Amino acid sequence: MERLPRLLRALAAQDLPGVLPVVIALNNTTDNSREVVERIAGELRSFIAIRVDERIFPPEAVHAGSARRLAMDIGVELLDADGQAVLITTDADARPPADWVRRNLEAIERGVDLVGGALVLDDEEHISPLVRSRWDALAAYWRAVRATEDEIDPVSWDPPPRHGDHTGGSLAVTVAAYRASGGVPAIPDGEDRALVTAARAKGFRLAHPIDVWTRVSARTDARAAGGMAAKLKELSEGIGAAMAVPSLDHWRARARWRRMVRLAGGDAAVAAQEAALPPMACDVVIAPAAPEAAA
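The numbers attached to residues start from 1 for each chain and follow its sequence in the written order. With the structure being a predicted model, the display of local features is reserved for residues of pLDDT at least 70 and the display and counting of side-chain atom pairs for 80 or more, all residues being used for whole-chain, interface and lining totals. With hydrogens and water set aside, each side-chain value is computed from the structure's full complement of heavy atoms.

(A) Spotlight on the overall build of the protein. Helix numbering and strand numbering both begin at the N terminus, where a helix is a DSSP run of H or I of at least 4 residues and a strand a DSSP run of E of at least 2. A tally of regular secondary structure across the protein gives ten helices and ten strands. Exposure is judged per residue with a 1.4 Å probe applied to protein chains only, and the accessible area is read against the type maximum: over 50% gives exposed, under 20% gives buried, and values in between give partly exposed. A burial count over the protein gives 47% of its 295 residues as buried. In this analysis, two residues are considered to be in contact whenever any of their non-hydrogen atoms come within 4.5 Å of each other. Put simply, of all contacts in the protein between residues at least 6 apart along the chain, 80% involve residues at least 24 apart. For the accessible areas, the method is Shrake-Rupley and the probe is 1.4 Å, while residue cover comes only from the protein chains on display. Within the structure as shown, the protein displays about 14500 Å² of accessible surface, and the carbon and sulfur contribution to it stands at 55%.

See below:
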């Protein structure tokens, strides 16, 4: 609840003309989140038009998939436009920069259907030295993975430099792609990645522009299972700082497989078949800088 005003003020500060439509989906809340949102909505009505929808889901449906599907389905209804309209989803504890919406729309205009935004730890929140050092080490690892993929299996609509994030923290999708993919699946976790996979399997194009990003909370407690907070909790725990990841040789082999499938059946075939592949072994260890140095 305390982070919602930050998100709404960040959305009100977007560098686009006009009033930005915003949907807030509240589910099974036990605080005064609705009152907070409605108060902020009144203060910022010259910049954002907020639609609040509050629901009580049954126990088996109290998860991120149900909430995100609700918000995005309402967004489709509000836009009431053709498939060229764009939905952009984020989380209640995010704080996007002022050019976030514009950069997403510009990426869509360049010819893609989905845009993943990079996740950056919010420097307004406390970040432990251990979490920061591990986060930075993983970021360097993923840059190496992206470089490996781009060398072996370049994709024209997702050129380097690019990141690899496409989560609910920052994800844009055209209404056409959203509808054709069946919307957000109402599953407990991974609903964002499942939507992306379904869209790609239908032939829709995904890009990861380096200039599309948002700040995310460094908190380690959250209602959503398997989300960002859970990942940060993993980074904050454990005696040793080293982390096991797949070697770049595994990524090279996967990139060669993708290239072979892509040349035969296109990106849709890659998305449809890759989900069935076994996970790669985490057989190398990356060790971040000592937390004292990171501080």
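(B) Helix α4 (residues 100-109), seen in detail. Turning to α4, its buried residues number three or more, namely Trp-100, Val-101, Asn-104, Ala-107 and Ile-108. Looking straight down α4, one finds that the buried residues subtend no more than 130° of arc, so they occupy a single side. Buried residues along α4 sit in contact with α1 (4-12), β1 (20-27), β3 (86-89), β4 (114-116), β6 (171-174) and β8 (213-216). Among the residues trailing α4, Gly-111 stands out with phi positive, at a value near 115°. Note that the arc is defined by the directions from the helix axis to the C-beta atoms.

(C) Spatial organisation of the pairing of β6. Residues Leu-171 and Val-173 of β6 are buried on one face, and the alternating residues Ala-172 and Thr-174, pointing to the opposite face, are buried as well. Sheet topology places β3 next to β6; four bridges connect them, and they run antiparallel. Following the sheet pairing, Ile-88 is matched in β6 by Ala-172. Here, any two strands with at least 2 DSSP bridges between them count as paired. As defined by bridge partners, β4 adjoins β6 across three bridges and the pair is classed as antiparallel. Directly across from Leu-114, in β6, lies its bridge partner Val-173.

(D) Focus on the pattern of salt bridges. Definition used for salt bridges: Asp or Glu carboxyl oxygen within 4 Å of a side-chain nitrogen of Lys or Arg. Considering all chains together, one arrives at 33 salt bridges under this definition. Salt-bridge contacts for Glu-43 lead to Arg-39; the nearest nitrogen and oxygen are separated by 3.4 Å. Here Glu-43 and its partner Arg-39 are both found in helix α2 (residues 33-43), four residues apart, which amounts to about one turn of the helix. Across the pair Asp-122 and Arg-95 runs a salt bridge whose closest N-O atoms are separated by 2.8 Å.

(E) Local environment of the nonpolar core. In plain words, nonpolar cores are sets of buried Ala, Val, Leu, Ile, Met, Phe, Trp, Tyr and Cys residues tied together by side-chain atoms within 4.5 Å. By size, the foremost hydrophobic cluster in this structure holds 19 residues, and its most contacted members are Leu-8, Leu-11, Val-22, Ile-24, Val-37, Ile-48 and Ile-50. Secondary structure elements with two or more residues in this core: α1, β1, α2, β2 (48-55) and α4. The residues contacting Ile-24, other than those within four sequence positions of it, are Leu-4, Leu-8, Val-37, Ile-50, Arg-51, Val-52 and Asp-53. Grouped together as the second largest cluster of nonpolar side chains are 18 residues, Leu-119, Val-145, Val-245 and Ile-286 included.

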